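# Observations on the model geometry
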Amino acid sequence: MYPLGFLPFFCSLVSHDAAVHAAVLVPLVVLALWFYAVALRPTSTKNADDVRPVHLPGSSLSHILPFFHRRFDFINQGFELAGQAIYQFSLLRNPVIVLSGEAARRDFFQAKDLDLGAGFKFLSGAIPMLPGVTTELGPRVTALIYKRLAASQTSESLSRLIPHLLEDSRRTMSAWGYSGTLDPFESLLFQTSVRAIAFTELADDAAIVKRLRELYDALDTATTPATVLLPWIPSPSAVRKILSTKRIYDIISKALDDRVKNGVARDDTPQMLIDAGDERLIIIGFVMGLLVAGARSTGTTASWLFTFLSGHPEWREKAAEEMRGLIARHAAPSSPLSSPDSRAESPTVAAPGHHPERSSSSSSSASSSVREGSPHNRPPMSSLTASLSNIPLSAWENETPMLDALIRETLRVAEPHVAMRQYLPLSQSHAADKELYLGGRQIPRGAYVMYPFSDVHLSSEIYKDPWRWDPARKEMDLKAPYSYVGMGAGSTVCQGKRLATLELKLITAQVALGFRELRAVDTRGATLSELPRPNWNDVLTCKPPKGSCYVRYERTGEHDP
Ligand code: HEM
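Each chain carries its own residue numbering, running from 1 in the direction its sequence is written. Thresholds applied to this predicted model are a pLDDT of at least 70 for local features of residues and 80 or more for the giving and counting of side-chain atom pairs; totals over whole chains, interfaces and linings are not thresholded and use all residues. Excluded from the side-chain calculation are hydrogens and water; included are all heavy atoms of the structure.

Bringing the packing of aromatic side chains into the picture now. Ring pairs shown here join Phe, Tyr and Trp side chains whose ring centres sit within 6.5 Å, with only the six-membered ring taken for Trp; geometry is labelled stacked below 30 degrees between planes, edge-to-face above 60, and tilted in between. Under the criterion given, the structure shown has 23 aromatic pairs. On the numbers, 5.7 Å between centres and 75 degrees between planes, the contact of Phe109 with Tyr451 is edge-to-face. Here the residue Phe109 occupies a position in helix α5 (residues 102–110), and Tyr451 occupies one in strand β9 (residues 448–452), the gap between them amounting to 342 residues. Tyr451 carries the same exposure label as Phe109, and that label is buried. Pairing Phe109 with Tyr482 gives two aromatic rings, centres 5.4 Å apart and planes at 35 degrees, and the pair type is tilted. With Phe109 in helix α5 and Tyr482 in the loop between α20 (454–457) and β10 (488–489), this residue pair connects regions lying 373 residues apart in the sequence. Among the residues examined, Phe109 registers a relative accessible area of 2% and is labelled buried. Members of the aromatic cluster, each reached through a chain of ring pairs, are Phe108, Phe109, Tyr451, Phe453 and Tyr482. Runs of H or I in DSSP of at least four residues are treated as helices and runs of E of at least two as strands, each being numbered from the N terminus. Think of it in three bands: with a 1.4 Å probe and only protein chains considered, a residue is buried below 20% of the maximum accessible area for its type, exposed above 50%, and partly exposed in between.

Listed below in structure tokens is the structure:
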């Protein structure tokens, strides 16, 4: 008998009887351990279905349509139907896996080989689709665009931008008049996004900015289930999408061609790409793609910040207090700003350091010359704008804990992002020959994966009373992995984060100091007892139902010109 073959070995160690027992038992124990480890191994020998995400029942169009119109509800109902934290459904023949829970979240944000571009293109669709210009760029072009985007956010570039962004939003607010009522969900920051990303000539032309905004809005409304799932079918929406994309392309490419033809260099981001010798299509794609990436999210966040500040005067006062401190420390105010009633904006004055605008004459000498819109050529400003302009970038970035808290809490509660990826293992990647598991579930190659930010930002396990907007939350200091992902996390952190945060801080400062009254009201002008909830079903703008909230305002001081 085989176990007895061990007998002489055990006899040399212990007595004969004990050796017989050991010779029988030890191999049996080893055999049992092997059987447990190999034969009963929990994953590898189980049916593959046990490690794959459970399927939602029903994949007909009627089941899937809410994915496009009411995504937040669709996703949550999916969790209820599946009874599990991870499930999958089919969009046409494409598997889409929806994740939730801490383990899946950690795996998702840390995973390699999850392609953001492919996922976003398939599952979102509301970006101008121009292969080779805004989509299907390949890793080289994408890396170049991100490199240029990073270069446009150096301290030097952002410092130069500050007075122009402030002046742009001052002009936007001036257009509202001294007092009135407005819809806060009209795009607040589109003008400043054009300034930061696109050509100065476009940003200076109010009619073109308006036209661009309408075209980007048209892209949003023309995005239907058909244009996302069957983009090759020439439905009316698809045609509208193509036309809007073409018109945006025409505006941007004309601005580029005029700039190059005129040979007048300007101090803006596209000039940096021109000077670097980037290809024409890359410059156009940079502006077309990033304009929409930036304007949508900053616009949505600014609208909600404005709304929250209108409904929470105590927080507006705290922001104003912080700003008054900042001005006192860093900027010699042209008018007293020490109390709310003395915050009057005087008529336009020249900012300190302001000189009449000059333009350099040729692009070749542009890098050494004073360009239009350079810091030496600050725009004429109101006293508040001039004071805010004198605050250095480092102070905006490091000395504004109150503004940081307001922005962070607004992103937590009103950023309806659903992160989307496609699992595309690269052949050279170490993961190519391994299966991908997220939250313990196996992800098939080519499958689409979604992680809704609501899973973490609206989790009552992480955030007490999660829908309540409360910038003083203690939970915000949580060190739990990825418990806050407002600007992305892991391998996909927002590439425009520095610019976006600065834009939001500048507008918050202007809102805090530039209004005597700011009040959330209903259609009849009565103060709202409660602000509307951010509508997470509206995946692009998070707007509440039309008419549910307006803002009654009275600006400080004189009417700006
Ligand atoms: C309040 C404003 C903004 C918010 C809340 C925001 C948020 C985010 C988030 C959450 C992601 C990660 C997406 C994901 O994981 O699925 C992301 C990525 C990105 N954002 Fe932003 N963003 C903002 C503004 C901007 C601006 C102004 C730009 C550019 C001008 C920009 C450019 C990008 C790019 C290029 C990526 C892709 C990063 C990658 O491929 O790894 N964003 N953003």
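In the neighbourhood of the ligand, 24 residues make up the surrounding shell, with Tyr146, His417, Arg421, Thr492 and Cys494 lying closest. Polar contact criterion, stated in full: a pair of N or O atoms within 3.5 Å, where within protein one must be able to donate a hydrogen and the other to accept it, and residues adjacent in sequence count only if both atoms are side-chain atoms. The contact in question runs from an oxygen atom of the ligand to an N or O atom on the side chain of Thr492, over 3.3 Å. Counting residues per element, the ones that place at least two in the shell around the ligand are α7 (138–151), α15 (280–311), β6 (418–423), β11 (492–493) and α21 (497–514). Taken together, the residues of the shell around the ligand break down into 12 nonpolar, 10 polar and two charged. Residue proximity to a molecule or strand is established when one non-hydrogen atom of the residue lies within 4 Å of it. Under the scheme applied here, ten amino acids are nonpolar (Ala, Val, Leu, Ile, Met, Phe, Trp, Tyr, Cys and Pro), four are charged (Asp, Glu, Lys and Arg), and all others, including Gly, are polar.

Spatially, β1-β2-β3-β9-β6-β4 is the arrangement adopted by the six strands of the open sheet, whose pairing is mixed. Each of the sheet's edge strands pairs with one partner strand only, and the pair in question is β1 (54–55) and β4 (114–115). In this structure, strand β2 (residues 87–91) lies alongside strand β3 (residues 94–98), joined through five bridges in antiparallel fashion. The residue bridging Leu91 from the neighbouring strand is Asn94, located in β3. For this analysis, residues touch if any pair of their heavy atoms sits within 4.5 Å. Interaxial angle, 0 to 180 degrees, is taken between N-to-C directions of lines fitted to C-alpha atoms, where a helix line uses only the stretch in contact. Against the sheet, α5 makes contact with β4, β6 and β9, and its axis sits at roughly 120 degrees relative to β9, the strand it touches most. Criterion used throughout: strands pair if DSSP finds at least two bridges between them.

Let us look at the packing of helix α9 (residues 190–197) against helix α11 (residues 206–221). The geometry of α9 relative to α11 is characterised by a closest axis approach of 10 Å and an angle of 105 degrees between their N-to-C directions. By the angle between their directions, the pair α9 and α11 is classed as roughly perpendicular. For the pair α9 and α11, the contacting residues are Phe190, Gln191 and Val194 in the first and Val209, Leu212, Arg213 and Tyr216 in the second. Note on angle classes: values under 35 degrees are labelled roughly parallel, values over 145 roughly antiparallel, values of 65 to 115 roughly perpendicular, and the remainder oblique.

On to the UniProt feature "binding site: heme" (unreviewed entry) in the protein chain. UniProt positions are given in the numbering used here, feature names are shortened, and annotations may be inferred rather than shown by experiment. Per the UniProt entry, the sites bearing "binding site: heme" (unreviewed entry) are Cys494 in this numbering. Within the secondary structure, Cys494 sits in the loop between β11 and α21. Residue class for Cys494 comes out partly exposed when judged on its relative accessible area of 33%.

We define a salt bridge as a contact between a side-chain nitrogen of Lys or Arg and a carboxyl oxygen of Asp or Glu at a distance within 4 Å. Under the criterion given, the structure shown has 32 salt bridges. As a salt-bridge pair, Glu214 and Arg211 come within 3.6 Å of each other at their nearest N and O atoms. On the criterion of helical spacing, the pair formed by Glu214 and Arg211 is a turn pair, its members being three residues apart in helix α11. For Arg211, a relative accessible area of 34% puts it in the partly exposed group. Linked by salt bridges that have partners in common, Asp168, Arg171, Arg195, Asp204 and Arg266 make up one network.

An α-helical segment advances 3.6 residues per turn. Residues three or four places apart therefore align on the same side. Given a rise of 1.5 Å per residue, 14 residues ought to cover 20 Å, and the 20 Å separating the end C-alpha atoms of helix α19 (residues 401–414) matches this to within 8%. Along α19, the residues that are buried comprise Met402, Leu403, Leu406, Ile407, Glu409, Thr410, Leu411, Arg412, Val413 and Ala414. The inward-facing, buried residues of α19 contact α15, α16 (313–330), α18 (393–398), α20 and α21. Helices are assigned an expected span. That span is 1.5 Å times one less than the residue count.

Turning our eyes to something else, we now look at the packing of α9 against α15. At a minimum axis distance of 9 Å, the contact between α9 and α15 shows a crossing angle of 145 degrees. Judged by the sense of rotation from one axis to the other, the crossing of α9 with α15 is right-handed. On α15, the residues touching Phe190, Ser193, Val194 and Ile197 of α9 are Phe286, Val287, Leu290, Leu291, Gly294, Ala295 and Thr298. Of the residues contributing to the contact of α9 with α15, the split by class is eight nonpolar, three polar and no charged. Handedness of a crossing is defined here by the sense of rotation of the near helix relative to the far one, left-handed for an anticlockwise turn of less than a right angle and right-handed for a clockwise turn.

All right, on to the pairing of β2 then. Where burial is concerned, most of β2 is hidden: five out of the five residues are buried. Neither face of β2 is exposed, since Tyr87, Phe89 and Leu91 on one face and Gln88 and Ser90 on the opposite face are all buried. In this structure, the hairpin formed by β2 and β3 is closed by a connection of two residues, where Leu92 is found at a positive phi of approximately 55 degrees.

This paragraph deals with the environment of Met272. In this fold, Met272 is placed in helix α14 (residues 269–275). Separated by 124 residues in the primary sequence, Met272 and Arg148 have C-alpha atoms spaced 8.0 Å apart. The residues touching Met272, leaving out its near neighbours within four places in the chain, are Arg148, Ala151 and Ser152.

Another point: the side chain of Arg195. With respect to the helices, strands and loops of the structure, Arg195 is situated in helix α9. The class for Arg195 is buried, based on a relative accessible area of 9%. There is a polar contact of 2.9 Å between the side chain of Arg195 and the side chain of Asp204. Once you skip the residues sitting within four places of it in the chain, Arg195 turns out to touch Leu161, His164, Leu165, Asp168, Arg171, Thr200, Ala203 and Asp204.

Turning to the sheet that holds strand β13 (residues 550–555), a few remarks are in order. One open sheet holds the three strands; their spatial order is β5-β13-β12, and the pairing between them is antiparallel. Looking along the sheet, the strands with just one partner apiece sit at the ends: β5 (179–182) and β12 (515–521). When the angles between neighbouring strand axes are averaged without regard to direction, this sheet yields 15 degrees. Examined bridge by bridge, β5 and β13 share four bridges and lie antiparallel to one another. By the bridge assignment for β13, Gly180 is matched with Tyr553. Strands β5, β12 and β13 of the sheet are contacted by α15, whose axis makes an angle of about 95 degrees with β12.

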